[in-house]
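# Coordinates in review
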Amino acid sequence: MDKFDGMRKEDFPILSESVHGRKLVYLDNAATTQKPQVVLDAIVEGYSKWNANVHRGVHHLSQVATEKHEQARKKVAEWLNAAAEEVIFTKGTTDSINMLARSFGDAMVNEGDEIIVSQLEHHSNIVPWQMLCERKKAILKVIPLREDLSIDIEAFKEMLNERTRLVSVAQVSNVLGIVNPVEEIIHYAHAKHIPVCVDGAQSVPHLAVDVKKLDCDFLVFSAHKMYGPTGLGVLYGKKEWLDKLPPAEGGGEMIEHVRWDKTTYNVLPYKFEAGTPNYIGSYAFSKAIEYVQELGIEDIAKHEEELVEYIEERVSRLERVKIYAAGQKKAGAVSFNVYRADGGLIHPFDVGVLLDRQGVAVRTGHHCAEPLIEHLGVPGTLRASVGLYNTKEDIDKLVAALERAIMMLE
Ligand code: PMP
């Protein structure tokens, strides 16, 4: 039997819960994934067996906690093919990008400089750069999309110039699921010595991401989207950059010495980690990574790719359904909308509520990407997004629920 054939659901206690009297079909993994028992156990173990603040204590528990936290950092580094000192723990993708915008922005961006993002970014890869541009009187440039909703590489190449300081793009769109050509983006930006930040929130959980192969300068992602706990994320940065950049936040842990006349900063990665870190979270996340490693990210990617193709195949057979960026290379997510016979859009919220009543959880709305949704010219979309535990049977249930919802709303 295939290792993904429904067997994995048993590892995730919440998946045996019922919603509105039906066994939960969870297809909102792009928003957050569920947690396997090994991750839940790690959280309980941390708080019940070795909870103590890290890095500061000579006492036993503090040393155990420090060891677990630093082992977790090594695990993340191994996962990304990075050095441990290049892995900064943050609160999540949003926090990572805000930190980078503050740190990189303070040091590298001046009036009239340019930052490039794309039309399909999540708000957390837009707003921190807008705030930076406002602070520094810099300019935010937006890579347009082609007709088929893919990133317009030719337009991007034209946008790079001597004022460009940084490019920040998502590897996988959280709305469309499209895998963006970040390798090409990095290639062309580097040809002009411009660094690139990759928003890996939707790629790291679904694809093998090797920062050396990718050659990105920064990579950000959230643990909770990869079977780990909430409140934890990663900012990876190449050592050359992290050495050069100033800390984004001040406080305990990030200093070497504090004097009234001059404070000096700690070594990497601690320079960027002010305050008590989420060491129970990092430990639990290391267990999530181990879980994923045991299954194999390549096999997970293949399984999820089949599911995404199956969603497109089944949903496209329904009448008057529009799938966005249909047939393009995707990872994890598919967005679509349903129309009435008279051509009017059935509001995605209405469909989403009726799916929920049938135990099927999908996301509806703008998915924190209003500029993209505006570009699509709709109030929102329905997004089905998969994780390693989903099966074709889940998709069949989604389609059956959709058929019923459409019948009721037409
Ligand atoms: N970027 C992308 C592409 C995302 O999908 C998300 C989460 N939806 C974020 C950033 C923000 O992640 P978080 O809310 O975990 O900070």
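As a reminder, the structure under discussion sits directly above these lines.
Below is a short write-up of the structure. (Residues numbered from 1 in each chain as written. Predicted model: local features only at pLDDT ≥ 70, side-chain atom pairs only at ≥ 80, totals over all residues. Heavy atoms only, no water.)

## Section: helix α13 (residues 392-409)
Between its first and last C-alpha atoms α13 spans 25 Å; for 18 residues at 1.5 Å apiece the expected length is 26 Å, and the two agree. Looking at α13, one finds that the buried residues are Asp394, Ile395, Leu398, Val399, Ala401, Leu402, Ala405 and Ile406. (Helix = DSSP H or I, 4+ residues; strand = E, 2+ residues; numbered from the N terminus. Expected span 1.5 Å × (residues − 1). Buried < 20%, exposed > 50% of the residue type's maximum accessible area, 1.4 Å probe, protein only.)

## Some thoughts on unusual backbone geometry
The residue after leucine 268, namely proline 269, is reached through a cis peptide bond having omega -5°. Checked against the element boundaries, proline 269 lands in the loop between β12 (264-265) and α9 (279-295). Not every positive phi belongs to a glycine, and tyrosine 227 is a case in point at roughly 70°. Within the secondary structure layout, tyrosine 227 lies in the loop between β9 (218-222) and β10 (233-237). Even without a glycine there, the phi angle at arginine 320 is positive, about 55°. In this structure, arginine 320 sits in the loop between α10 (297-316) and β13 (321-323).

## Description of the environment of isoleucine 346
Tracing the backbone through its elements, the reader meets isoleucine 346 in strand β15 (residues 345-346). In the structure, isoleucine 346 is positioned 64 residues away from glutamate 410 in sequence and 7.9 Å away in space, judged by C-alpha atoms. Non-local contacts of isoleucine 346, meaning those with residues more than four positions away in its chain, are made with Asn337, Val338, Tyr339, Arg340, Val351, Leu409 and Glu410. (Contact = heavy atoms within 4.5 Å.)

## Things to note about helix α11 (residues 348-357)
For α11, the set of buried residues is Pro348, Val351, Gly352, Leu354 and Leu355. Angular distribution of buried residues about the axis of α11 spans 165°; they occupy a single face of the element. Of the residues one or two after α11, glycine 359 is the one with positive phi, at around 85°. (Arc of directions from axis to C-beta.)

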